[in-house]
Amino acid sequence: MKVNGVPVTPPDPDARLLDYLRDDLGLIGAKEGCGMGECGSCTVLMDGVPVCSCLVLVCQAEDADVTTVEGLRRTALQEAFVTGQAVQCGFCIAGMVVSASALLAEHPDPTDEQIRAGLEGNLCRCTGYGAIVRAVREAAR
């Protein structure tokens with residue numbers, strides 16, 4: 001497995017990917033919100049595809065390239081979230097940014113409908129999602 005481009009050897013293949021990333025690697029961007037794959041706070045990219053790391057065992061990611069929010073370089077997307085005031089408490093933002101990054105890789109000029117679909121599964125209890133959709137739209141420009 002590679003995490004953010006660095007080869008790693010996890011000690012426990014039966015651990016959840018989320019726990020390995022946070023506890024063993026110190027990558028705390030992905031957060032446990034629900035532990036059931038419903039909130040998106042733990043979203044990471046596995047071979048470019050957004051997954052809820054609370055539902056993935058380390059052994060399932062054995063040959064994968066895993067990218068966390070820490071592995072995304074400072075991007076226009078992150079800047080758009082900040083300048084567009086799409087960040088409130090910050091709990092969901094890592095998952096939102098990771099999901100939006102995958103969306104923009106697939107759809108560089110997404111419609112609002114595609115943005116909403118790409119962020120589906122990422123819950124935010126602080127905003128009405130308008131600022132988040134605007135931030136993704138702005139980053140696409």
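These numbers were taken from a predicted model, which means no experiment stands behind them.

## Focus on the overall build of the chain
Stage number 1. The helix and strand inventory of the chain stands at 5 helices and 5 strands.
Stage number 2. Secondary structure of the chain in N-to-C order comes out as β-β-α-β-β-β-α-α-α-α.
Stage number 3. The globule rule puts the C-alpha radius of gyration for 141 residues at 14 Å, and the 14 Å found for the chain is close to it.
Stage number 4. The principal-axis extent of the C-alpha atoms belonging to the chain is close to 40 × 25 × 20 Å.

## Some points on the sheet that holds strand E3 (residues 43-46)
Stage number 1. An order of E2-E1-E5-E3-E4 is seen for the 5 strands of this open sheet, with the pairing classed as mixed. Since the sheet does not close on itself, it has two edges, and those belong to strand E2 (6-7) and strand E4 (49-52), each with one partner.
Stage number 2. As paired elements, E3 and strand E5 (residues 65-67) share 2 bridges and run antiparallel to each other. Counted as the bridge partner of Leu 45 is Thr 67 from E5.

## A short note on a negative patch on the surface
Stage number 1. A contiguous patch of negative charge on the surface is contributed by Asp 12, Asp 14, Asp 23 and Asp 24.
Stage number 2. Turning to its location among the elements, Asp 14 is positioned in the loop between E2 and helix H1 (17-24).
Stage number 3. With a relative accessible area of 55%, Asp 14 lands in the exposed category.

## Some points on the domain arrangement of the chain
Stage number 1. With domains assigned, the chain is organised as domain 1 (2-71) and domain 2 (76-140).
Stage number 2. At the junction of the two partners, domain 1 supplies 16 residues and domain 2 supplies 13 residues.
Stage number 3. Overall, the association of domain 1 and domain 2 removes approximately 1000 Å² of surface from exposure, summing both partners, and the carbon and sulfur fraction of that is 63%.
Stage number 4. Where domain 1 touches domain 2, the interface holds 0 salt bridges.
Stage number 5. Counting the contacts that link domain 1 with domain 2 gives 3 residue pairs in polar contact (both at pLDDT 80 or more).

## Thoughts on the nonpolar core
Stage number 1. Counting residues in each nonpolar core, the largest one holds 26 residues, and the members touching the most others are Leu 77, Phe 81, Met 96, Val 97, Leu 119, Ile 132 and Val 136.
Stage number 2. Elements that contribute at least two residues to this core include exactly helix H2 (76-83), helix H3 (93-106) and helix H5 (130-140).
Stage number 3. Broken down by element, this core gets its largest block of residues, 9 residues, from H3.
Stage number 4. By size, the runner-up hydrophobic cluster in this structure holds 21 residues, among which are Val 8, Leu 21, Ala 30 and Val 51.

What counts and how
Residues numbered from 1 in each chain as written. Predicted model: local features only at pLDDT ≥ 70, side-chain atom pairs only at ≥ 80, totals over all residues. Heavy atoms only, no water. Helix = DSSP H or I, 4+ residues; strand = E, 2+ residues; numbered from the N terminus. Rg over C-alpha atoms; globule rule 2.2 N^0.38 Å. Pairing = 2+ DSSP bridges. Patch = residues over 30% accessible without salt bridge, like charges linked within 9 Å, V, L, I, M, F, W, Y side chains within 5 Å. Areas by Shrake-Rupley, 256 points an atom, 1.4 Å probe, with all protein chains shown as cover. Salt bridge = Lys/Arg side-chain N within 4 Å of Asp/Glu carboxyl O. Lys, Arg positive; Asp, Glu negative; His and termini not counted. Charge placed at Lys NZ, Arg CZ, Asp CG, Glu CD. Buried < 20%, exposed > 50% of the residue type's maximum accessible area, 1.4 Å probe, protein only. Domains from an automatic or database assignment. Contact = heavy atoms within 4.5 Å. Buried area = accessible area lost by both parts, 1.4 Å probe. Polar contact = N/O pair within 3.5 Å; in protein donor to acceptor, adjacent residues only side chain to side chain. Core = buried A, V, L, I, M, F, W, Y, C linked by side-chain atoms within 4.5 Å.

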